[in-house]
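Analysis of the macromolecular model
Now for the letters of each chain:
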Amino acid sequence: MRASGKLMVGNWKMNGSLAANASLVADILAGIDNVSFQAVVCAPFVYLSQLQSLLVGSTVALGSQDVSMHEAGAFTGEVSASMLRDFGVRYAIVGHSERRQYHGETDVLVASKAQRALAAGITPIVCVGESLAEREAGQTEAVVKRQLAAVIHANGHCISEIVVAYEPVWAIGTGRTATPEMAQQVHAVLRSQLQAATAHAERVSILYGGSMNAANAADLLAQPDVDGGLIGGAALKAPDFLSMLKAASC
Ligand code: 13P
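Notes on the structure in this doc start here.

What follows deals with helix α10 (residues 238–248). Side chains three or four residues apart in an α-helix point the same way, a direct result of the helix having 3.6 residues per turn. Residues of α10 that are buried include every one of Ala238, Phe241, Leu242, Met244, Leu245, Ala247 and Ala248, and no others. Elements in contact with the buried residues of α10: β1 (7–11), α1 (18–31), β2 (38–42), α9 (217–221) and β8 (228–231).

Next up on the list: the pattern of salt bridges. Inspection of the entire model under this criterion finds 13 salt bridges. The salt bridge involving lysine 246 is made with aspartate 33; its shortest N-O contact spans 4.0 Å. One end of the pair, lysine 246, is in helix α10; the other, aspartate 33, is in the loop between α1 and β2, with 213 residues separating them in the sequence. Taken as a pair, lysine 246 and aspartate 33 share a single burial class, namely exposed. Look at the salt bridges and you will find they share partners, linking Asp66, Arg99, Glu105 and Lys113 into a network.

Residue alternation in strand β7 (residues 206–209) divides its side chains into two sets, Ile206 and Tyr208 and Leu207 and Gly209, and both sets are buried. In terms of strand pairing, strand β6 (residues 163–166) meets β7 through 3 bridges, oriented parallel. If you follow valine 164 over to β7, its bridge partner there is isoleucine 206. Bridging between β7 and β8 involves 3 bridges; their strand directions are parallel. When the bridges of β8 are listed, glycine 209 appears paired with leucine 230.

Direction vectors running N to C along α1 and helix α2 (residues 48–55) enclose 30 degrees, while the axes themselves pass 10 Å from each other. Relative to α2, α1 is oriented roughly parallel. Considering the relative orientation of α1 and α2, their crossing is right-handed. Facing α1, whose interface residues are Leu18, Asn21, Ala22, Val25 and Leu29, α2 presents Gln50, Leu51, Leu54 and Leu55.

Mapped onto the fold, glutamine 193 is located in helix α8 (residues 180–197). A residue is classified by how much of its surface remains accessible, and glutamine 193, at 14% relative accessible area, is buried. Filtering out sequence-adjacent residues up to four positions away, glutamine 193 remains in contact with Val144, Lys145, Leu148, Ala149 and Ile152.

What follows covers the site of the ligand. In the neighbourhood of the ligand, the contacting residues comprise Asn11, Lys13, His96, Glu167, Ala171, Ile172, Gly173, Gly210, Ser211, Leu230, Gly232 and Gly233. Contact distances for the ligand include 2.8 Å between an oxygen atom and a side-chain N or O atom of lysine 13. For the ligand, an oxygen atom lies 2.9 Å from a polar atom in the side chain of glutamate 167. When the ligand is considered free in solution it has 310 Å² of accessible area, and contact with the protein chains removes 94% of it. For the shell around the ligand, the per-class residue count stands at 3 nonpolar, 7 polar and 2 charged.

With that out of the way, let us pick up α2. Along α2, the positions that sit buried rather than exposed are Leu48, Gln50, Leu51 and Leu55. The buried residues of α2 occupy one face: seen down the axis, they fall within an arc of 155 degrees. Buried residues in α2 make contact with α1, β2, β3 (61–64), α3 (81–86) and β4 (89–94).

Among the nonpolar cores identified, the biggest contains 67 residues, and Leu51, Ile162, Val164, Leu190, Leu194 and Tyr208 are the most heavily contacted of them. Looking at which element gives the most residues to this core, the answer is α10, with 7 residues. Those residues in contact with valine 164 that lie beyond four places of it in its chain are Val126, Val128, Leu148, Leu190, Leu194, Val204, Ser205, Ile206 and Leu207. With 13 residues, the next largest nonpolar core counts Val40, Ile125, Cys127 and Ala165 among its residues.

Helix-helix packing is characterised by the crossing angle of the two axes and by the distance between the axes. In the contact formed by helix α5 (residues 107–119) and helix α7 (residues 140–155), the axes pass within 8 Å of each other and the chain directions differ by 45 degrees. Relative to α7, the element α5 lies oblique. Regarding α5 and α7, the two cross each other, and that crossing is right-handed. Here Asp107, Val110, Ala111, Ala114, Gln115 and Leu118 of α5 lie close against α7, whose contacting residues are Arg146, Gln147, Ala150, Val151, Ala154 and Asn155. By residue class, the composition of the contact of α5 with α7 is 7 nonpolar, 3 polar and 2 charged.

This part takes up the pairing of β6. Judged by which residues are buried, β6 turns out to be covered on both faces: Val163 and Ala165 on one side and Val164 and Tyr166 on the other are all buried. Across 4 bridges, strand β5 (residues 123–128) lies against β6 in parallel orientation. Bridge pairing in β6 places valine 126 opposite valine 164. Remark: the β6/α8/β7 crossover connection has right-handed handedness.

Rules of the game
Residues numbered from 1 in each chain as written. Predicted model: local features only at pLDDT ≥ 70, side-chain atom pairs only at ≥ 80, totals over all residues. Heavy atoms only, no water. Buried < 20%, exposed > 50% of the residue type's maximum accessible area, 1.4 Å probe, protein only. Helix = DSSP H or I, 4+ residues; strand = E, 2+ residues; numbered from the N terminus. Contact = heavy atoms within 4.5 Å. Salt bridge = Lys/Arg side-chain N within 4 Å of Asp/Glu carboxyl O. Pairing = 2+ DSSP bridges. Axes fitted to C-alpha atoms, helices over the stretch in contact; angles between N-to-C directions. Parallel < 35°, antiparallel > 145°, perpendicular 65-115°, else oblique. Left-handed = near helix turned anticlockwise from the far one by under 90°. Near = heavy atom within 4 Å. Polar contact = N/O pair within 3.5 Å; in protein donor to acceptor, adjacent residues only side chain to side chain. Areas by Shrake-Rupley, 256 points an atom, 1.4 Å probe, with all protein chains shown as cover. Nonpolar A, V, L, I, M, F, W, Y, C, P; charged D, E, K, R; others polar. Arc of directions from axis to C-beta. Core = buried A, V, L, I, M, F, W, Y, C linked by side-chain atoms within 4.5 Å. Right-handed = clockwise from strand over helix to strand, strands pointing away.

Structure representation (structure tokens):
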């Protein structure tokens, strides 16, 4: 949460193996030298059990990359929030642009997933962000507000328990990062939207994601409304992830 420093989340996406995960986590744990931030790794479902064991007793929390909108039952291939709880999952990414884009996830579906996570005591990391065409058409603010509004609408007063991640789609995996000013501008819009919805908006961490790396993390994290990062590629390299954690502890 915001009060306890920056929140730095590695989204491993569909990467890893038993051997690679063990070595990455060992290197990360060996390099963490303070706890002035909260680090999280979001692993593929099949590795959550392995990660739970690897992270036991450490300061790094476990996250998933998705969660079902359903509670239980005949939903082949789905993984429920209570199952995630069984494996010590504390955070679940919902509405990542890759799921919106490749799996047709709508704002309403994403809002239901956030609701399921919250009901199981898991903090949803709700991703919002505009495409390049939307930015160029001047729609950035309208798009992110619409995406967040659906989650606010479905979750009422619980909204102060979520984490928001602003991930401009054009910045993901492209090496093209939003400038700190661009990120701050959108984060401020999201913060005021949260303020209008809850008296506890200051509790909500708003993360930036999209080609965040060891070189640009400090400048992004220095912005007043950038409370942490959601990191893809650079989270798969222990030295890079560690140097971003260092930037988060300043
Ligand atoms: P990259 O850091 O690889 O651009 O990915 C960002 C992201 O999508 C994190 O969820």
